[in-house]
Each structure stands twice: as C-alpha cells, then as structure tokens.
Amino acid sequence: PFRFRLESLITAASSLLLISPEALALSTPALNSLPRTIDRSSMAPTDPERNEPEEETAEAAGDDEDTGAVVQPIVKLEEVAVTTGEEDEEALLDLKAKLYRFDKEGNQWKERGVGSVKLLKHKETGKVRLVMRQSKTLKICANHLIFPTLSIQEHVGNDKSCVWHAPDFADGELKDELFCIRFGSVENCKKFMEMVQEIAESMGKKGVENKDAAATADLLDKLNVGGEKKEAESSSSTAQESESKPSEPAKEKEAVKEAQSED
C-alpha cells in the first residue's frame with residue numbers, strides 16, 4: 001500500500017509539473033528498494049545530555065515517596081463528647097418513615113422530613129416519648145411524650161399512614177400539632193400504631209395506680225396526725241391533773257400548821 005500511494009503521488013506530481021517520472025529518477029526498482037519497516041533504534045538520540053531530563057524526572061519521582069518522617073500538627077484538637085440526650089433511654093421501636101404536619105394557615109400537609117422514628121423509654125422515670133430525626137442532618141422533626149389520652153388512627157385512603165394529635169416540642173416551644181406519618185409497608189404502620197396504643201394504655205393504668213397510691217398516702221397521713229393529736233391531748237390532760245392535785249409534802253405542812261393553830 002505504501003508503494004502504491006507513493007507511485008500515485010509521483011504520477012500526480014509529474015502531471016502537474018509536466019515532468020515524466022523518468023526525469024525524477026524514480027523507478028519501480030528504486031521504490032522496491034525502499035525499506036518497508038523503520039528501525040526505531042537508529043532514531044534514538046546518541047547524545048547523553050538528552051537523557052538527563054529523564055533522570056531528573058526519575059529523581060523527582062523518588063523525592064515524592066514517603067520517607068517516614070512524622071510532622072507534628074501546629075494546633076492540637078481535643079476530642080469533644082457529643083451527647084444526643086438519648087443516653088438514659090431505651091429504644092422500644094425504630095422504623096424509617098416520612099413525617100408530615102398539618103399547616104392550619106395554608107390548610108395543607110407539609111413535609112417535616114424523612115428519617116427514623118423512635119419510641120424511647122426512660123430508664124428511671126419509665127416515661128416514653130416519640131422522637132424522629134432527619135436521616136442526613138439529624139434535625140429533630142418530632143419530640144413529644146406518649147400521653148394516656150393520645151389517640152392514633154389510620155389515615156383515610158392509605159393503609160401505610162396514620163395520624164394523631166400531640167403537644168410537640170421539636171421547635172423549642174410547646175405546640176399542638178397534627179401529625180401524619182407514612183411507612184414503607186403496611187406491617188410497619190400497624191406495628192407502630194399498636195405499640196403507641198399499648199404504651200398509651202399502660203401509661204393510663206400507671207396514672208390510676210399513682211392516684212390510688214396518693215390517696216392511700218393521704219389517708220395514712222391523716223390517721224397519723226389524728227393519733228398524734230390524741231396522744232397530745234391525753235398527755236396534756238394528765239399534766240393538768242397532776243398540777244391540780246397537791247403533793248404529799250404540801251399536805252403534811254398544812255396538817256402541821258393546823259395543829260399549831262389549835263394549840
């Protein structure tokens with residue numbers, strides 16, 4: 001192919017210059033004598049000075065290698081303990097969901113965030129609260145206690161969602177909010193609703209028991225106070241009787257005075 005192209009180029013040049021190929025001293029045997037492969041080794045530079053840049057680049061690459069030196073930081077940063085406020089609480093439930101709240105002014109549902117909703121029980125007080133944080137920013141979306149009066153219901157037209165009212169403290173102040181939460185499956189939604197209802201009922205029972213305990217404590221206090229009053233009255237009455245009765249030495253002195261007066 002190379003020879004054919006070269007011949008075509010020569011004929012084209014001769015036709016333009018009006019010179020025959022014989023005048024150019026190029027013939028077919030001469031073309032056949034041309035080397036078909038090029039020896040690249042002969043094209044390599046023989047000057048040793050041209051090899052110096054390659055050696056310099058190799059040395060520079062060697063300088064970038066790790067030498068094992070330890071560089072001390074200028075500023076030392078101390079570790080800071082990060083607290084989430086959930087250290088003294090036990091997670092009863094942890095599910096992924098999307099939370100909405102109802103905007104009364106706009107009369108529409110607004111998204112609060114996507115993350116994990118938790119039911120946390122305090123280890124000492126036994127109170128249970130609902131906490132939900134956004135998955136990326138960890139911002140609190142909902143934060144309120146589970147009260148005995150809390151009622152949760154399934155959302156109309158969607159069996160993966162449920163709604164409830166609660167006084168929420170997620171924004172730093174107590175607000176009465178209407179929440180709607182949507183889960184990825186019907187099973188998770190039912191599990192969440194059953195757990196919340198069970199906790200609310202148990203809190204109601206505890207409240208009744210606490211009221212009964214308080215009533216019995218008041219009765220015991222009243223009984224103790226009444227007994228103390230009776231004891232105080234009895235002790236005061238005995239003291240008055242002892243003061244009203246004269247002592248025996250006084251009686252003897254009075255008898256001696258009466259005898260002297262008769263003499």
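See the structure printed just above.
Presented here is an overview of the structure given in this document.

What counts as what
- Residues numbered from 1 in each chain as written.
- Predicted model: local features only at pLDDT ≥ 70, side-chain atom pairs only at ≥ 80, totals over all residues.
- Heavy atoms only, no water.
- Helix = DSSP H or I, 4+ residues; strand = E, 2+ residues; numbered from the N terminus.
- Buried < 20%, exposed > 50% of the residue type's maximum accessible area, 1.4 Å probe, protein only.
- Contact = heavy atoms within 4.5 Å.
- Areas by Shrake-Rupley, 256 points an atom, 1.4 Å probe, with all protein chains shown as cover.
- Pairing = 2+ DSSP bridges.
- Axes fitted to C-alpha atoms, helices over the stretch in contact; angles between N-to-C directions.
- Polar contact = N/O pair within 3.5 Å; in protein donor to acceptor, adjacent residues only side chain to side chain.
- Patch = residues over 30% accessible without salt bridge, like charges linked within 9 Å, V, L, I, M, F, W, Y side chains within 5 Å.
- Salt bridge = Lys/Arg side-chain N within 4 Å of Asp/Glu carboxyl O.
- Phe/Tyr/Trp six-rings, centres within 6.5 Å; stacked < 30°, edge-to-face > 60°.
- Core = buried A, V, L, I, M, F, W, Y, C linked by side-chain atoms within 4.5 Å.

1. What to know about the overall build of the chain
Part 1: A count of helices and strands for the chain gives five helices and seven strands.
Part 2: Mapped from its N terminus to its C terminus, the chain presents α and β elements in the order α-α-α-β-β-β-β-β-β-β-α-α.
Part 3: Residue burial in the chain is summarised as follows: out of 263 residues, 19% are buried.
Part 4: Counted over contacts in the chain with a minimum sequence separation of 6, partners at least 24 positions apart contribute 49%.
Part 5: As displayed, the chain has an accessible area near 20,900 Å², and 53% of this comes from carbon and sulfur atoms.

2. Structural notes on the sheet that holds strand β6 (residues 161–168)
Part 1: Sheet architecture is open: seven strands sit in the order β4-β3-β2-β1-β7-β6-β5, paired in antiparallel fashion. With partners counted over all chains shown, the strands left at the sheet margins are β4 (140–145) and β5 (152–154), one partner each. Within the sheet, the average angular offset between the axes of one strand and its neighbour, ignoring direction, is 30°.
Part 2: Of the pairings in the sheet, the one linking strand β2 (residues 108–122) to strand β3 (residues 128–134) comprises seven bridges and is antiparallel in character. Note on β3: the bridge partner recorded for G115 is Q134.

3. Quick word on the side chain of S161
Part 1: With respect to the element layout, S161 can be found in strand β6.
Part 2: Here N158 takes part through its side chain, which lies 3.2 Å from a polar atom of the side chain of S161.

4. Notes on the pairing of strand β1 (residues 89–103)
Part 1: Across 14 bridges, β1 lies against β2 in antiparallel orientation. The partner of L99 across the bridge, within β2, is G113.
Part 2: Between β1 and β2, which pair antiparallel in sequence order, lie four residues; one of them, N107, sits at a positive phi of approximately 55°.
Part 3: Pairing analysis gives five bridges linking β1 to strand β7 (residues 175–183), with the strands arranged antiparallel. Bridge assignment links A97 to a residue of β7, and that residue is F183.

5. What about a nonpolar patch on the surface?
Part 1: A surface patch of nonpolar side chains, amounting to about 430 Å² of accessible area, comprises I74, V75 and L77.
Part 2: Looking at L77, the relative accessible area reads 78%, which means it is exposed.

6. Examining the packing of aromatic side chains
Part 1: Evaluated as defined, the whole model comprises four aromatic pairs.
Part 2: With centroids separated by 5.3 Å and ring planes inclined at 70°, the aromatic side chains of F102 and W109 adopt a geometry described as edge-to-face.
Part 3: W109 gets classed as partly exposed once you look at its relative accessible area, which sits at 34%.
Part 4: The interplanar angle of 35° and the centroid separation of 5.6 Å between the aromatic rings of W164 and F179 together place this pair among those described as tilted.

7. Re the environment of K118
Part 1: By the secondary structure assignment, K118 is in strand β2.
Part 2: According to the relative accessible area criterion, K118 is partly exposed, its value standing at 22%.
Part 3: A sequence separation of ten residues divides K118 from V128, and the C-alpha atoms of the two residues are 10.0 Å apart.
Part 4: Among all residues touching K118, those that are not within four sequence positions of it are E86, L93, D94, R129, L130 and V131.

8. Thoughts on the nonpolar core
Part 1: With 27 residues, the main nonpolar core has V117, I146, C162, W164, I181, F183 and F192 as its most contacted residues.
Part 2: Put simply, the parts of the chain that give this core at least two residues each are β1, β2, β3, β4, β6, β7 and α4 (186–244).
Part 3: Among the elements that make up this core, the one with the highest residue count is α4 (seven residues).

9. Observations concerning the environment of V128
Part 1: Counting through the fold element by element, V128 comes out in strand β3.
Part 2: V128 sits in the buried class, given a relative accessible area of 4%.
Part 3: Beyond its immediate stretch of four places on either side in the chain, V128 contacts L92, L119, L120, K121, L145, I146 and I199.

10. Observations regarding the pattern of salt bridges
Part 1: In total, this model carries eight salt bridges according to the counting rule given.
Part 2: The residue E86 makes a salt bridge to R133 at a minimum N-O spacing of 3.5 Å. One end of the pair, E86, is in the loop between α3 (52–63) and β1; the other, R133, is in strand β3, and 47 residues separate them in sequence.
Part 3: Assessed through its relative accessible area of 17%, E86 is described here as buried.
Part 4: We note a salt bridge from D171 to K175, for which the minimum N-O separation is 3.8 Å.
Part 5: Taking relative accessible area as the criterion, D171 reaches 45% and is therefore assigned partly exposed.
Part 6: Residue K175 is classed as partly exposed on the basis of its relative accessible area of 32%.
Part 7: What emerges from the salt-bridge pattern is a single network uniting R112, D171, E173 and K175.

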